[in-house]
Amino acid sequence: MQKLSIRIGARVFAGPGPFLMGVLNVTPDSFSDGGRFTSLEAALVQAERLAAEGADLLDVGGESTRPGAPPVSAQEERERVVPVIERLRAEGFRLPISIDTSKAEVAEAALRAGAELVNDIQGLADPALARVVAEAGAPVVLMHMRGTPADMGAHTDYRDLVPDVLRELRQALARAEQAGIPAERTILDPGIGFAKTAEQNLTLLRRLSELHALGRPLLVGPSRKSFIGKVTGAAISDRLPGTLAAVTAAVLAGAAFVRVHDVAAARQAAAVAAAIRDAPLG
Ligand code: HH2
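Residues numbered from 1 in each chain as written. Predicted model: local features only at pLDDT ≥ 70, side-chain atom pairs only at ≥ 80, totals over all residues. Heavy atoms only, no water.

Student: Got a minute to help me understand the sheet that holds strand β4 (residues 57-61) in this structure?
Tutor: Across a sheet, strands are paired by hydrogen bonds formed along the backbone, either parallel or antiparallel in direction. The parallel open sheet is built from eight strands, whose spatial order is β8-β7-β6-β5-β4-β3-β10-β9. Among the strands making up the open sheet, the edge pair consists of β8 (186-189) and β9 (219-220). Where strand β7 (residues 140-143) and β8 come together, four bridges link them in parallel fashion. Looking across to β8, one finds that Leu-142 is bridged to Leu-188. Strands β3 (19-25), β4 and β5 (97-100) of the sheet are contacted by helix α2 (residues 74-90), whose axis makes an angle of about 180 degrees with β5. (Pairing = 2+ DSSP bridges. Helix = DSSP H or I, 4+ residues; strand = E, 2+ residues; numbered from the N terminus. Contact = heavy atoms within 4.5 Å. Axes fitted to C-alpha atoms, helices over the stretch in contact; angles between N-to-C directions.)

Written out as structure tokens, the structure is:
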């Protein structure tokens, strides 16, 4: 088990975790919670709720990345997320805040408003975003995907899935380093549900421990995703048990961070999985 650490804002996340990243989507169309937290008040209540349930950090997103989601302008995305982050900071919200965006302009505004981590599903494909992250001295989540949410379904043709994902995450790390972001400020994510078939998501979860070769903390985001529906037939609103199974698998394989909508339930599953992971062999 690797013992890595990363500073996010005032907090150092050290050791194997698991740390819970609670999802706050301030979008009208996110695949599982679209439209629920679009008003400022509803977003603030949900952020406090996730914190009370035991989240270790909060991931705020203003654009849905579900397959085929319509793109949102930088201005619109900024107008969705910045007021929420500003208010949370003004009210003394105690958790580090992550901004889930691939747009430099949105990241810059969110960091200025008080976000402390950039979560980029494109793994710094955009050099302008890499520059913003580097200049802010911020940590960053580099997620693996291919293509864009609009066309990622056409990019599931891997030569050899795990080696390909490993190689492409190494390329993301190289892009970061080239922009002046040291590896010590990165978290890596295999991108469950992004340019992967249901079977490929399952393989990545099964072989997650191979990603420790990259030497960075791993983040996994299986929450409510369609591979759970594929395995079980469960509707999006009914995928909590499947999500907890995936969280358990991720924690047993050494994921340091799990990104979830249902923090209280995931907290318990992650704690038991970690206790099993760390139990004496007898
Ligand atoms: N998944 C989603 C969004 N952002 N970021 C990381 N690092 N890893 C993930 O797996 C990940 C992510 C998709 O989930 P959600 O935010 O619930 O949906 P939507 O994109 O429709 O808002």
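Student: Just checking my understanding: could you explain the side chain of Asp-120 for this structure?
Tutor: Checked against the element boundaries, Asp-120 lands in strand β6 (residues 117-120). Here Asp-120 is buried and forms no salt bridge, its nearest opposite-charge partner Arg-175 lying at an N-O distance of 7.2 Å. Setting aside anything within four residues of it in sequence, one finds Asp-120 in contact with Thr-101, Ser-102, Ala-125, Leu-129, Val-141, Leu-142 and Met-143. (Buried < 20%, exposed > 50% of the residue type's maximum accessible area, 1.4 Å probe, protein only. Lys, Arg positive; Asp, Glu negative; His and termini not counted. Salt bridge = Lys/Arg side-chain N within 4 Å of Asp/Glu carboxyl O.)

Student: Just to check I follow, could you spell out a nonpolar patch on the surface for this structure?
Tutor: Residues Leu-252, Val-272 and Ile-276 make up a contiguous nonpolar surface patch of about 270 Å² in total accessible area. For Ile-276, the position within the fold is in helix α9 (residues 263-278). (Patch = residues over 30% accessible without salt bridge, like charges linked within 9 Å, V, L, I, M, F, W, Y side chains within 5 Å. Areas by Shrake-Rupley, 256 points an atom, 1.4 Å probe, with all protein chains shown as cover.)

Student: Just to check I follow, could you spell out the site of the ligand for this structure?
Tutor: Close to the ligand lie 18 residues; Ser-30, Ser-64, Thr-65, Asp-189 and His-261 are nearest. One of the side-chain nitrogen or oxygen atoms of Asn-25 is found 3.2 Å away from an oxygen atom of the ligand. A distance of 2.4 Å is found between an oxygen atom of the ligand and a side-chain nitrogen or oxygen belonging to Ser-30. Within the shell around the ligand, the residues separate by chemical class into six nonpolar, seven polar and five charged. (Near = heavy atom within 4 Å. Polar contact = N/O pair within 3.5 Å; in protein donor to acceptor, adjacent residues only side chain to side chain. Nonpolar A, V, L, I, M, F, W, Y, C, P; charged D, E, K, R; others polar.)

Student: What exactly am I supposed to notice about the nonpolar core here?
Tutor: Within soluble globular proteins, side chains that are nonpolar tend to cluster in buried spots. Core analysis: the biggest nonpolar cluster contains 83 residues, and Leu-24 and Leu-124 have the highest contact counts within it. Residue contributions to this core peak at eight residues, all from helix α5 (residues 161-179). Setting aside chain neighbours within four positions, we find Leu-24 in contact with Phe-37, Ala-43, Gln-46, Ala-47, Leu-58, Asp-59, Val-60, Gly-61 and Val-84. Core analysis: the second largest hydrophobic core is formed by 12 residues, Ile-6, Ile-8, Phe-13 and Phe-257 among them. (Core = buried A, V, L, I, M, F, W, Y, C linked by side-chain atoms within 4.5 Å.)

Student: Where do I start with helix α4 (residues 127-136) in this structure?
Tutor: Residue pairs spaced three or four apart in an α-helix point in one direction, given the helix's 3.6 residues per turn. Turning to α4, its buried residues number three or more, namely Leu-129, Ala-130, Val-132 and Val-133. Projected onto a plane normal to the axis of α4, the buried residues spread over an arc of 160 degrees and lie on a single side. Of the exposed residues in α4, the ones pointing more than 90 degrees away from its buried face are Pro-127 and Glu-135. Where α4 is buried, its residues meet α3 (104-113), β6, β7 and α5. For α4, the capping residue at the N-terminal end is Asp-126, with a side-chain oxygen 2.9 Å from the backbone nitrogen of Ala-128. Positive phi shows up at Gly-137, right after α4, with a value of about 65 degrees. (Arc of directions from axis to C-beta.)

Student: Any chance you could explain the packing of α3 against α4 here in plain terms?
Tutor: Any two packed helices are characterised by the angle at which their axes cross and by the distance between the axes. Interhelical geometry of α3 versus α4 gives an angle of 20 degrees and a closest axis separation of 8 Å. With respect to α4, the element α3 is oriented roughly parallel. Judged by the twist between their axes, the crossing of α3 over α4 is right-handed. Residues Ala-104, Ala-107, Glu-108 and Leu-111 of α3 form the contact with α4, whose participating residues are Ala-128, Leu-129, Val-132 and Ala-136. (Parallel < 35°, antiparallel > 145°, perpendicular 65-115°, else oblique. Left-handed = near helix turned anticlockwise from the far one by under 90°.)

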